[in-house]
Amino acid sequence: MVEEKSLLAYKCKKCGQLHYPFRMRCKKCGNLSQFEFDTVPLPKNGKIVTYTYAYNLPGDFAVPKLGLAIVELENGMKVTGQMKIANPKIGKAVKGKIEIVRNEGFTERYGIVFY
Amino acid sequence: MPTELESLLRPKVSDAPPFPAKFMQLADGTTMVIRSVERDEIPLLLEYIQPLIKVERDYYDIVAARVFAEVLAQYVYRIQDEYIFIGQINGELATIVNGRTLSPGIGVSLHTIAFKRGLQIGAHGFAAKMEYHMDFLNQDEVMIVAESPIGFRKFLIGYDLEKRPQVIHELGGVPSYALTRKTFDKVRGTLVTGRRPVPKDLLDKAKAEILPPSDPPVMAGDILAASRSVYDSTGSAFRGQRPKQEMGVK
Amino acid sequence: MQEVYIIGIGITSFTRLDFPLYEIAAFPAMDAMKDCGITEIDHLFVANLGSGRINRSTGLASAVVDTLSLTPAGAESVENGPASGASAIKAGLMAIASGMHNVVMITGAERMREANALDATEFMATITHPLAEQIYGVTLPAMAAMFTRLYMEKYGVTERHLAMVAIKNHHNAMFNRFAHLHQVITMEGIIDSPEASTNNPYVAEPLRFFDCCPVSDGGACVILANKEIAKKIKKPLIRIAGVGQATDLHTVHERDNPTDLLAVRRAAAQAFKMAELKPKDVNVAELHDAFTILEIAESEEVGFFKKGEGHIALENGVTSLKGKLPINTSGGLKAKGHPVGATGIAQVHEIVLQLRGDAGERQVKNARVGFTCNFGGFGNNVVCLTLVRED
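### Here's the deal with the packing of helix α4 (residues 121–136) of chain B against helix α6 (residues 181–191) of chain B
Residue and element names in this part refer to chain B.
Inference 1: At a minimum axis distance of 11 Å, the contact between α4 and α6 shows a crossing angle of 135°. Regarding the angle of α4 to α6, the classification is oblique. In terms of crossing hand, the pair formed by α4 and α6 is left-handed. Contacts between α4 and α6 involve Ala127, Met130 and Met134 from the first element and Arg181, Phe184 and Leu191 from the second.

Quick look at the structure:
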């Protein structure tokens, strides 16, 4: 049974503030004890806040262009991800999938891609 | 005797269709005309290319050396099915692009050299070549390699060309990329530029004379050019020049 | 606190320089020492981003202090992304304001072109968040592009407005012999013409080639001193009246309002408060236009224009060389160039020229108050400086 992958948000055990990406010290209550975060899977669907098609990419991409977007997820948090949408628009509803987004040498990076 | 020998050594006369001149506007508002060269214009072109063989920067030296050889070969009838186009701005030479036919249906893009930087002149020249191969020579594929990283990123990655590692491009050693008709039709809108026909006075001016480039790439003569005491529009200073100067080499 | 004055300035051409990095940092320092006639330097700060990775050279400040024969003076590098220059100036200012040193040299340099274009792009992208942005392949132009799209949607900024910034800055750079690009561009050539898509291709939609600054090598230097020493130099008295710095959340997506540049707003407010001046007192400004949209956005966030009206002021010529508030008289990062470590110092170099009355054909008449904004990361670490002429 393959475990479903998600982006993880980090929830402060003291005050409940959600963080994505991880932050060592809670941005709301300033909690100084480390490891006081629970992981919470982020929803995968949302709507486009802004987007671009980037050219002139770093060498390991070797494709002419790459779609990137900032998406507001169903729980109100925003994430950056790749985008494979034919006609993107600000506000368009999108669904996300966790895939390999970059191959740095021999390291595969997983991230979210929006369709 | 000499006539028979010479006819053995010469390429067959080319039946390739002519390239109708086109013109385009550049970023600074000036206009460039791209046209094919006549044989009797070649000696003048060689004079303009030659100084670039000494510019050890951005691969100007190797590209200029090869273009010199290819253009000279055309003049002395020692290359088959080559075309040579030039771009002129107010009559001044701005770019030379060339290529040839490898076999029926397959073309080879040879070189693109720009005498003025910063205005995407090479991009316009390259696009003219691709249009010629596809729309006028009706070829199915064009083999391309890049000598410079600038060309590589812009054209080979930028147009998502197909890798053809088994084909060794005649420029030596490096595996080729290919522009196929399918890709060309897909990117035609963004790749091919320029308009036809060229207004008569513009074309007449271009055909009248190929003026020398006013601001070609040069090697900076003074290693202290960090304060631009020796002006060079492409901008650089070479410490490597000092040993040459001290040894008396110009 | 002691008052801090700028007594000497120096700069190289911004172009491709095939000298070792520490010489690119040292060359303008020689000019700066000649400018003020002082060679006894108490301390040196060097601003630089890429020495370790691109130029395979660490401990840059030690190499610079040696090549300038300034040993045994203390020396360190300061790194704050593209805001390294202004951060280094701030470090020097604090050294003098505290009374710990009397004369401090700040030199910044970058030799980006030792790497090829692909490596340089990838290197600049390392300023984004490693886990939440970099893994997706975001580049700085991509971040700026997403920001631009929102600005266009929200405030009605168009590609034409972006082109106006580039055309203005290219025009100004024609009068600056140290600028990287001496190239006039026209609206016709880069936007209107049928060939515009080749002349001005997209780098990251909607940003185009002429919306992004070039990759440059170069160096710039300023020498700071306290009032006693400054008064002995026979040059106009230029004081750093205010400095401000602020940070913001690292990832662009986490910010509540992605069109706000809160770090710019806060840093600028601090710089004005310390100088006891207001935005309307400024006669000439250098704003960090690594992408043309940033000149427009920063001009609003520092307080020159209301939010969403920067592009209207631009359209009306307010920020052109002959306008009421010229911005980027040097050509800005767009045309003058952007050697990352040197940029913040080069901005101050230009303002000093303007306040001294030495800016030649690009001189702003009666310039008495100048302002710089050095933008680090993508708006998450910003340093602003207010400069005044006292005599």
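Still more to cover.
### Thoughts on unusual backbone geometry
Inference 1: Cis geometry marks the peptide bond from A:Tyr20 to A:Pro21; its omega dihedral reads 5°.
Inference 2: Within the fold, A:Pro21 resides in the loop between β2 (18–19) and β3 (37–41).
Inference 3: Following C:Glu205, the chain continues into C:Pro206 via a peptide bond in cis, with omega recorded as 5°.
Inference 4: Relative to the helices and strands, C:Pro206 is located in the loop between β6 (202–204) and β7 (207–208).
Inference 5: A positive phi angle is found at B:Asn90, which is not glycine, with a value near 50°.
Inference 6: Topologically, B:Asn90 is positioned in the loop between β3 (82–89) and β4 (92–103).
Inference 7: A positive phi angle is found at B:Asn138, which is not glycine, with a value near 50°.
Inference 8: Looking at where B:Asn138 falls in the secondary structure, it is placed in the loop between α4 and β6 (141–144).

### What about the interface of chain C and chain A?
Inference 1: The interface of chain C with chain A comprises 30 residues on the first partner and 27 residues on the second.
Inference 2: Where the side of chain C that touches chain A is concerned, the elements lending two or more residues are α4 (117–125), α5 (140–155) and β6 of chain C.
Inference 3: Among the elements that make up the side of chain C that touches chain A, the one with the highest residue count is α5(C) (seven residues).
Inference 4: In the side of chain C that touches chain A, the residues fall into 17 nonpolar, six polar and seven charged.

### Looking at the pairing of strand β1 (residues 22–25) of chain B
Residues and elements named next belong to chain B.
Inference 1: The side-chain alternation of β1 yields two buried faces, one formed by Lys22 and Met24 and the other by Phe23 and Gln25.
Inference 2: Examined bridge by bridge, β1 and strand β2 (residues 31–36) share four bridges and lie antiparallel to one another. Bridging across to β2, Met24 finds its partner in Met32.
Inference 3: Counting the residues in the hairpin turn of β1 and β2 gives five residues, including Gly29, whose phi is positive at 90°.

### Section: the domain arrangement of chain A
Inference 1: Under the domain assignment, chain A is made up of domain 1 (8–41) and domain 2 (45–114).
Inference 2: Just the C-alpha atoms count here: the centres of domain 1 of chain A and domain 2 of chain A sit 25 Å apart.

Parameters at a glance
Residues numbered from 1 in each chain as written. Chains lettered and ligands numbered in written order. Predicted model: local features only at pLDDT ≥ 70, side-chain atom pairs only at ≥ 80, totals over all residues. Axes fitted to C-alpha atoms, helices over the stretch in contact; angles between N-to-C directions. Helix = DSSP H or I, 4+ residues; strand = E, 2+ residues; numbered from the N terminus. Parallel < 35°, antiparallel > 145°, perpendicular 65-115°, else oblique. Left-handed = near helix turned anticlockwise from the far one by under 90°. Contact = placed C-beta atoms within 7 Å. Nonpolar A, V, L, I, M, F, W, Y, C, P; charged D, E, K, R; others polar. Buried ≥ 20, exposed ≤ 12 C-beta atoms within 10 Å, placed from the backbone. Pairing = 2+ DSSP bridges. Domains from an automatic or database assignment.

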